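Working through the structure, step by step
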Number of protein chains: 2
Amino acid sequence: MTDAASRCPEAFLTLAAEVASAARAVARRHFRQGLAVEDKADESPVTRADREAETAMRALIGAAHSDHGIHGEEFGIENPGAEFVWVLDPIDGTKRFITGNPLFGSLVALLQGGRPILGIIDMPILEERWTGAAGHPTTFTDRAGSRAARVRPCADPAAATLLATSPEMFKGADQPAFDRLRETAKLTLYGGDCFNYGLLSSGFADLVVEANLAPYDHLAHAPIIAGAGGVMTDWQGCPTGLGTDGRVLCAGDRRCHDLAISLLQVA
Amino acid sequence: MTDAASRCPEAFLTLAAEVASAARAVARRHFRQGLAVEDKADESPVTRADREAETAMRALIGAAHSDHGIHGEEFGIENPGAEFVWVLDPIDGTKRFITGNPLFGSLVALLQGGRPILGIIDMPILEERWTGAAGHPTTFTDRAGSRAARVRPCADPAAATLLATSPEMFKGADQPAFDRLRETAKLTLYGGDCFNYGLLSSGFADLVVEANLAPYDHLAHAPIIAGAGGVMTDWQGCPTGLGTDGRVLCAGDRRCHDLAISLLQVA
């Protein structure tokens, strides 16, 4: 194990915070400024803010650790075989960003050997941030300061508040699987993107289920959810990592998680 | 016509702003404070914040104009036959409020002879407010000050960004009607409640469609949308008022509105 590894993840918390703050500054500067929107090949809207933010994030990481890998939404993968790989989504919720809605976030994850050991969800306009690091309690930081974030108990999906960005993210067989969970839950709310994972970590919701996510959409969340006392896995119940198929399930309470997995897996 | 009517709606703008600010203060005090949630007969969650806010709003109106009517979500209808009737929703988006999500609002509408002549959408946590008054430009106010809110042009639903709180608000025949509009729109985003109407007024979206709304959910919006250059009607294209059946359609551009109405009305 390298010297750096023996100090993880604490050794990288300050840098991770600086990387998230760099994205926040760019996002705040461009929010509601009447951006020209381009369509990428996959039709998702991309703004200049996205690219400027990722450039700033990469510069900070490169200056501190030129041996680390970086995997970002906008500029692809550098040095993917490195022990430490940063996974960046400068603006998660681009569609909300371009509609003037402040519920978009900047995501920073640090992987060691392919597993997320550090994650930040930053909400640039709300000035709220969740920070998770393997083996440490998750913290929530806003203008009033920092404090521990903690999930709430909820044993049964029938009593759960379920969050998802949109019902239309579930395609093919994922759709009836989601519908089973939605029909069981007490309350389902749409919208939110990464913010939903933060709300679950702070005990305001019980389940988050999503599909068709890219690695940079979800890798930051696992250390945050775990450090707040919750559970995040794929739809088979396995820990999330670079190999996750884009389908994730988070619960604040393991009992609720296990029952939700059963609902998703019924044939 | 009474003396008050001849001064409308300017005569009531200051009071309306005070009423919205009273709701904002109560909502901010209770947000994320671990409220006990009750279920009303219709299962919607109600918080103490809702009731305290409406009490504060009613007190201000009663002190200034004891002859006015008041129609609020929590405490029913007083003096409904009055020429001027205030319609109040202290917390629109209660479900978001109880999940710690700041995208809830406080709504204030003033009707004269049953028609909305003044409306405020206040976002207590975001500290943003849209104010509309018949015959005046709509204003948007945030921490940086006040300025005019203005819709953007968008002639065709196929180029439109469409906002709705949830696809599940459309029941029965409303569901295929909504699906036609959603499948035509370039982009559909869920979540938002009253915030969506503000975003449209400020030119960040092109269409808002909803159903199953109560009068206090939508009456504040019409003067805001109209004063920003947009169009708000029911699904038949008629102006919204107390008699609206709960289905509303807003567009920033009249051409887009007319085509959207056609899509909603196809048998």
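That block above? That's the structure.
Residues numbered from 1 in each chain as written. Chains lettered and ligands numbered in written order. Predicted model: local features only at pLDDT ≥ 70, side-chain atom pairs only at ≥ 80, totals over all residues. Heavy atoms only, no water.

Residue and element names in this part refer to chain B. On the secondary structure map, Thr-188 appears in strand E12 (residues 187–190). Since its relative accessible area comes to 15%, Thr-188 is described here as buried. In this structure Thr-188 touches Leu-162 and Arg-182, once residues within four positions along its chain are discounted. (Helix = DSSP H or I, 4+ residues; strand = E, 2+ residues; numbered from the N terminus. Buried < 20%, exposed > 50% of the residue type's maximum accessible area, 1.4 Å probe, protein only. Contact = heavy atoms within 4.5 Å.)

This paragraph deals with the packing of aromatic side chains. On inspection of all chains with the given rule, the structure shows 21 aromatic pairs over all chains. Their ring planes at 55° and their centres at 5.1 Å tell us that Phe-12 of chain B and Phe-84 of chain B sit as a pair that is tilted. With a gap of 72 residues between them, Phe-12 of chain B in the loop between helix H1 (3–6) and helix H2 (13–30) and Phe-84 of chain B in strand E5 (residues 84–92) connect regions that are remote in the sequence. By relative accessible area, Phe-12 of chain B is classed as buried at 1%. What links up through ring pairs into an aromatic cluster is the set Phe-170, Phe-178, Tyr-190 and Trp-235 of chain A together with Phe-170, Phe-178, Tyr-190 and Trp-235 of chain B. (Phe/Tyr/Trp six-rings, centres within 6.5 Å; stacked < 30°, edge-to-face > 60°.)

So, about H2 of chain B. Residues and elements named next belong to chain B. Taking 1.5 Å as the rise per residue, H2 with 18 residues should run 26 Å; its terminal C-alpha atoms sit 26 Å apart, in good agreement. Along H2, the residues that are buried comprise Leu-15, Ala-16, Val-19, Ala-20, Ala-22, Ala-23, Arg-24, Val-26, Ala-27 and His-30. Summarising the contacts, the buried residues of H2 are in contact with helix H3 (48–64), E5, helix H4 (94–98), strand E6 (105–112), strand E7 (115–123) and strand E8 (128–133). Phi turns positive, to about 60°, at Arg-32, one or two residues after H2. (Expected span 1.5 Å × (residues − 1).)

So, about the relation of the copies chain A and chain B. Aligned on chain B, chain A shows an RMSD of 0.0 Å; the corresponding rotation is 180° and the shift along the axis is 0.0 Å. Put plainly, the chains are arranged around a two-fold axis. Taking C-alpha positions as reference, the residue of chain A nearest the rotation axis is Gly-191 of chain A, located at 2.4 Å. Counting the interface residues of chain A, we find that 100% of their copies in chain B are interface residues as well, pointing to one common contact surface. (Least-squares fit on C-alpha atoms with pLDDT ≥ 70 in both.)

A word on the interface of chain A and chain B. In this complex, chain A contributes 28 residues to the contact, which on the side of chain B involves 28 residues. At the boundary of chain A with chain B, total buried surface from both sides reaches about 2500 Å², with 59% on carbon and sulfur atoms. Put simply, chain A and chain B have four salt bridges between them. Between Arg-182 of chain B and Glu-168 of chain A there is a salt bridge, with the nearest N and O atoms lying 3.5 Å from each other. There are eight residue pairs in polar contact (both at pLDDT 80 or more) connecting chain A and chain B. Elements that contribute at least two residues to the side of chain A that touches chain B include exactly helix H4 (94–98), strand E12 (187–190) and helix H6 (195–201) of chain A. When grouped by side-chain class, the residues that make up the side of chain A that touches chain B number 12 nonpolar, six polar and 10 charged. (Buried area = accessible area lost by both parts, 1.4 Å probe. Salt bridge = Lys/Arg side-chain N within 4 Å of Asp/Glu carboxyl O. Polar contact = N/O pair within 3.5 Å; in protein donor to acceptor, adjacent residues only side chain to side chain. Nonpolar A, V, L, I, M, F, W, Y, C, P; charged D, E, K, R; others polar.)

Shape descriptors only; they carry no functional weight alone.
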